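The lines below spell out each chain.
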Number of protein chains: 2
Amino acid sequence: MAERWMPASDHDMVVMRTLHAIRALSDAMDRMHGGMKGDMGMNITDLATLRMLIIREQREQAVSPHDIAEHLRISSASTTKLLDRLVASGYVTRQPHPSDRRSRVVELTDRSRQEFFAHFGEYLRLMRQVATPYSQEELQVISQFMGELSEAIDPA
Amino acid sequence: MAERWMPASDHDMVVMRTLHAIRALSDAMDRMHGGMKGDMGMNITDLATLRMLIIREQREQAVSPHDIAEHLRISSASTTKLLDRLVASGYVTRQPHPSDRRSRVVELTDRSRQEFFAHFGEYLRLMRQVATPYSQEELQVISQFMGELSEAIDPA
DNA sequence: GTATTTTGCTAGTTTATCTAGTGAACTTGA
DNA sequence: TCAAGTTCACTAGATAAACTAGCAAAATAC
């Protein structure tokens, strides 16, 4: 069992502390997302979908209903209803896929972006405040670490 | 609006990249949690509760039903049913609170820890693999940054 | 050119959440 | 001191959101 792994050196200790820090961050993010869910009056999956769309948009990746189902691990039926809700409340639109006529591209509305950042903006400000005091070299290391971590736990 | 903030220096650029890395990590964690949900055959809130309990246990913090409701931002009624489910499936027990007879302390069962780490262990191994190549000094910076981030977005 | 797979959808069912309200236990303040 | 207000977990019943099964249309494989 992984938890029974025992640190054998100072370096191992520091690695372990880092893993704890990651889990603490995960916990804090859970709470942050819970808070946004409450503030925005949305349910947890709808908000998670919004977050996903925001991030994919920044990466210029198109998102299909299938992608959402896979991301959230819900059925395609639930995804249809989820999109019905988000479309009805004006958060997203369904666009035709450019080359596959079966498929759809889910796009955020301006209102969606605005409302998301109206609530997320304060957190963004706080996070920037945390990052700013660090040197470029340090931030470089931090970003790289996080990037590798993302890739490790969710291979592209 | 926070997104319209414009970087004015190299340092600002690196800060911005770091914020993107944080969101990418958040996205990857969402997917990881979605995967665990599927693998463990649990719903998303039940699993989030398990994660919370694991982390609080490591910090030696007792967790009440009220704490869970606050963490997930669900009603006390939903929390009761959630705990009913987790108790019925043998993941947690309800213990009397030592000093407040109205309250309860929610405790993980051994089975719960085992099953969680059976599924989470692989991710833990991957994360350790990512961390190991970094120097102690670098990991120190990374841990500190993550700690400050956690504190910023979810003040204790 | 037919067969298989993939995509998003509908219908009906099950599960999980909510609101409203309760009794018991704790806390506060006159 | 003890009455009033608050907090805690819970129940009941209503609402919302997930699931399974199955479908037609389009794409891909054979």
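Residues numbered from 1 in each chain as written. Chains lettered and ligands numbered in written order. Predicted model: local features only at pLDDT ≥ 70, side-chain atom pairs only at ≥ 80, totals over all residues.

The name given to chain A in an unreviewed UniProt entry is MarR family transcriptional regulator, with the source organism recorded as Microbacterium marmarense.

*Asks:* Break down the overall build of chain A for me, citing the residues and quoting the values.
*Replies:* Broken down by element type, chain A carries 6 helices and 2 strands. In chain A, the succession of helices and strands from N to C terminus is α-α-α-α-β-β-α-α. At 19 Å, chain A has a C-alpha radius of gyration far larger than the 15 Å of a compact globule built from 156 residues. Relative to its 156 residues, chain A shows a buried fraction of 29%. Look at the contacts in chain A between residues 6 or more apart in sequence, and 42% of them connect residues 24 or more apart. (Helix = DSSP H or I, 4+ residues; strand = E, 2+ residues; numbered from the N terminus. Rg over C-alpha atoms; globule rule 2.2 N^0.38 Å. Buried ≥ 20, exposed ≤ 12 C-beta atoms within 10 Å, placed from the backbone. Contact = placed C-beta atoms within 7 Å.)

*Asks:* Just give me the short version of helix H3 (residues 65-72) of chain A, but keep the residues and values in it.
*Replies:* Ile68, His71 and Leu72 of chain A are the residues of H3 of chain A that are buried. All buried residues of H3 of chain A fall inside an arc of 85° around its axis, so they share one side. Summarising the contacts, the buried residues of H3 of chain A are in contact with helix H2 (44-58), helix H4 (76-88) and strand E2 (104-108) of chain A together with helix H1 (10-40) of chain B. Looking one or two residues beyond H3 of chain A, the residue adopting positive phi is Arg73 of chain A, at roughly 55°. (Arc of directions from axis to C-beta.)

*Asks:* Just give me the short version of the protein's contact with DNA strand D, but keep the residues and values in it.
*Replies:* Taken together, 23 residues lie around DNA strand D, and Ile74, Ala77 and Ser78 of chain A together with His66 and Ala77 of chain B are the ones closest in. Per-element tally for the surface near DNA strand D: the top contributor is H4 of chain A, with 5 residues. (Near = placed C-beta within 6 Å.)

*Asks:* Let's hear about unusual backbone geometry: which residues, and what values?
*Replies:* All names here are of chain B. Despite not being glycine, Glu60 has its phi angle at roughly 55°, a positive value. Mapped onto the elements of the fold, Glu60 is located in the loop between helix H2 (44-58) and helix H3 (65-72). We classify Glu60 as exposed; it has 6 C-beta atoms within 10 Å. Backbone geometry places Arg73, a non-glycine residue, at a positive phi of 60°. Tracing the backbone shows Arg73 in the loop between H3 and helix H4 (76-88). On the neighbour-count criterion, Arg73 (16 C-beta atoms within 10 Å) is partly exposed.

*Asks:* Can you tell me about the relation of the copies chain B and chain A, naming the residues and giving the values?
*Replies:* For the pair chain B and chain A, the best superposition has an RMSD of 0.1 Å and corresponds to a rotation of 180° with a translation of 0.0 Å parallel to the axis. Look at the turn and shift together and you get a two-fold axis relating the two. The C-alpha atom lying nearest the rotation axis in chain B is that of Ile142 of chain B; the distance is 2.8 Å. Taken as a fraction of all interface residues of chain B, those also at the interface in chain A reach 100%, which identifies the copy contact as same-surface. (Least-squares fit on C-alpha atoms with pLDDT ≥ 70 in both.)

*Asks:* Go over the interface of chain B and chain A, please, and point to the residues and values.
*Replies:* In this assembly, 62 residues from chain B lie in contact with 62 residues from chain A. Mapped by element, the contributors of at least two residues to the side of chain B that touches chain A are H1, H2, H3, helix H5 (110-131) and helix H6 (136-153) of chain B. Looking at the side of chain B that touches chain A element by element, the count peaks at 23 residues for H1 of chain B. Looking at the side of chain B that touches chain A, its residues break down into 33 nonpolar, 15 polar and 14 charged. (Nonpolar A, V, L, I, M, F, W, Y, C, P; charged D, E, K, R; others polar.)

*Asks:* Which residues make up the protein's contact with DNA strand C, and what are the values?
*Replies:* Taken together, 23 residues form the shell around DNA strand C, and within it Ser64, His66 and Ala77 of chain A together with Ala77 and Ser78 of chain B come nearest. Elements that contribute at least two residues to the surface near DNA strand C include exactly H3 and H4 of chain A together with H4 of chain B. Element by element, the count of residues in the surface near DNA strand C is highest for H4 of chain B, at 5 residues. Here the residues of the surface near DNA strand C sort into 6 nonpolar, 9 polar and 8 charged.

*Asks:* I'd like a description of the UniProt feature "domain: HTH marR-type" (unreviewed entry) in chain A, backed by residues and values.
*Replies:* The sites that carry the UniProt feature "domain: HTH marR-type" (unreviewed entry) are, in the present numbering, residues 11-151 of chain A. For residues 11-151 of chain A, the end-to-end C-alpha separation is 23 Å, with 74% helix and 7% strand making up the annotated structure. (UniProt positions renumbered as here; feature names shortened; annotations may be inferred.)

*Asks:* Give me the lowdown on the environment of Ser89 of chain B, citing residues and values where you can.
*Replies:* Turning to its location among the elements, Ser89 of chain B is positioned in the loop between H4 and strand E1 (92-96). As for Ser89 of chain B and Glu151 of chain B, which are separated by 62 residues in sequence, their C-alpha atoms are 33 Å apart.

*Asks:* Can you tell me about the nonpolar core, naming the residues and giving the values?
*Replies:* In terms of nonpolar packing, the biggest core is built from 75 residues, with Leu25 and Ile142 of chain A together with Leu25 and Ile142 of chain B touching the most fellow members. When near neighbours in sequence (up to four residues on either side) are disregarded, Ile142 of chain A contacts Thr18, Val141, Ile142 and Phe145 of chain B. (Core = buried A, V, L, I, M, F, W, Y, C linked by C-beta atoms within 7 Å.)

*Asks:* I'd love a proper account of the packing of H3 of chain B against H4 of chain B, names of residues and values included.
*Replies:* Residue and element names in this part refer to chain B. As a packed pair, H3 and H4 sit with axes 9 Å apart at the nearest point and diverge in direction by 110°. By the angle between their axes, H3 is roughly perpendicular relative to H4. Note that H3 runs across H4; the crossing there is right-handed. Between H3, through Pro65, Ile68 and Ala69, and H4, the contact on the second element is made entirely by Ser76, Thr79, Thr80 and Leu83. Each residue belonging to the contact of H3 with H4 can be placed in one class, and the counts come to 4 nonpolar, 3 polar and no charged. (Axes fitted to C-alpha atoms, helices over the stretch in contact; angles between N-to-C directions. Parallel < 35°, antiparallel > 145°, perpendicular 65-115°, else oblique. Left-handed = near helix turned anticlockwise from the far one by under 90°.)

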